[in-house]
Each structure stands twice: as structure tokens, then as C-alpha cells.
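# Structural overview
Chain residues, written in single-letter form:
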Amino acid sequence: MLESEVAYCPHCKKDIHVAVTPAPEHATHANVPDGGQLVCLDVGEACEGIVCPLSGKSTLMMGVRLARAGEEPVEGWPHVDVICEGCGAKESMEVLDGTHAFCPRCKTTNSVMLIKMAGGTYRAVGRPRPDT
Ligand SMILES: [Zn+2]
């Protein structure tokens, strides 16, 4: 676990937990270092679609960062079984928002249409149509 600190979120109007992602051990020219970034550990449904006032990033990117840092929000990620477009395996992925799920096996963020079922579980219903 990352060390977390309590901060006040003006959007959620409550105290939340934030942490700073560790710097990558091997920063290469091909990779943008993703260490030293503020992530909110309490990012949740109330934050969907907004720009986080603490990090200045969209909540989707917050979710991606959180997932890649191996962190989970306090309430835990919902999961959904999806066949990964990255590694081809059927994985129980972390739901980032209504159209994205994160594969823990190959670290691919999948674009997938998700619907939330009664009871809070998610089901994949297909792929979003490409823009082009
Ligand atoms: Zn995968």
C-alpha cells in the first residue's frame, strides 16, 4: 500500500484519502514516467465524468493511475468479466467507468460498454463503436 494522507475534496465535500504514486524504477524515453502523481483513493461514482479538483485530471485517468499503482479505492473496485483486447484472456477486470475496464494481467485499459446491474455488479454488453 502507498502511504495515504487525508485531504479535503471540494467536489465530494468530505475528507478523502490521497497518495502519491511511486516513481518508476526504470524511466525510459519511450515511457512517460507516471510516478509522483497524486491519486485519490476515494474516487467513486460521485466523481464520474468530472475533473478532480485535487489532481486536475479527469476521474477516468485517476482510475487508470490508481489501478496501475496497484491501489484500490477504499470501497474497492467493481469487477467485470471481459475478454481482454490486449491479451485475449477472459479476465476479471477492474471497472474504471461505464466504458472502460482495466486488465490486471496485461495492464491494458479495455474500451467496453458496461451496464450496472441491480446490486452494483457490472456486465459487459459489447464494444463501443470506433469513431472512424
Ligand atoms: Zn489483458
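Summarised in this report is the structure supplied together with it. (Residues numbered from 1 in each chain as written. Predicted model: local features only at pLDDT ≥ 70, side-chain atom pairs only at ≥ 80, totals over all residues.)

What follows deals with the overall build of the protein chain. When helices and strands are counted, the protein chain shows one helix and nine strands. In the protein chain, buried positions account for 21% of the 132 residues. When contacts within the protein chain are restricted to residue pairs at least 6 apart in sequence, long-range pairs at least 24 apart make up 33% of them. (Helix = DSSP H or I, 4+ residues; strand = E, 2+ residues; numbered from the N terminus. Buried ≥ 20, exposed ≤ 12 C-beta atoms within 10 Å, placed from the backbone. Contact = placed C-beta atoms within 7 Å.)

What follows is about the sheet that holds strand β5 (residues 90-97). What the four strands build is an open sheet, ordered β4-β5-β6-β7; its pairing is antiparallel. Either end of the sheet is taken by a strand with one partner, and the two such strands are β4 (79-83) and β7 (109-111). On average, each strand axis in the sheet is inclined to that of its neighbour by 45°, with strand direction left out of account. Both β4 and β5 contribute to a ladder of five bridges, which runs antiparallel. Its bridge partner lying in β5, Asp81 is registered against Ser92. Sitting on the sheet, helix α1 (residues 59-68) is in contact with β5, β6 (100-102) and β7, with an inclination near 140° to β5. (Pairing = 2+ DSSP bridges. Axes fitted to C-alpha atoms, helices over the stretch in contact; angles between N-to-C directions.)

Next up on the list: the environment of Gly63. Among the structural elements, Gly63 can be located in helix α1. For Gly63, the contacting residues outside a window of four places in its chain are Val43, Leu96 and Asp97.

This part is about the nonpolar core. A general trend in soluble globular proteins is that nonpolar side chains are found buried together. In this structure, Cys40, Met93, Ala101 and Phe102 are the most contacted members of the largest nonpolar core, which totals 21 residues. Going through the elements one at a time, β3 (38-40), α1, β4, β5 and β6 are the ones with two or more residues in this core. Per-element tally for this core: the top contributor is α1, with four residues. Counting contributing residues per domain, this core is built from domain 1 (1-75) and domain 2 (77-132), each supplying no fewer than three. In contact with Cys40, other than residues within four places in its own chain, are Ile16, Val18, Cys52, Leu54, Ser55 and Met62. (Core = buried A, V, L, I, M, F, W, Y, C linked by C-beta atoms within 7 Å. Domains from an automatic or database assignment.)

Attention now goes to the sheet that holds β3. Sheet architecture is open: three strands sit in the order β1-β2-β3, paired in antiparallel fashion. This sheet does not close on itself; its edge strands, each paired only once, are β1 (4-9) and β3. In this sheet, adjacent strand axes meet at a mean angle of 40° when their direction is disregarded. Looking at chain direction, strand β2 (residues 14-20) and β3 are connected through three bridges and run antiparallel. Residue Val20 lies in a different strand from β3, and its bridge partner there is Leu38.

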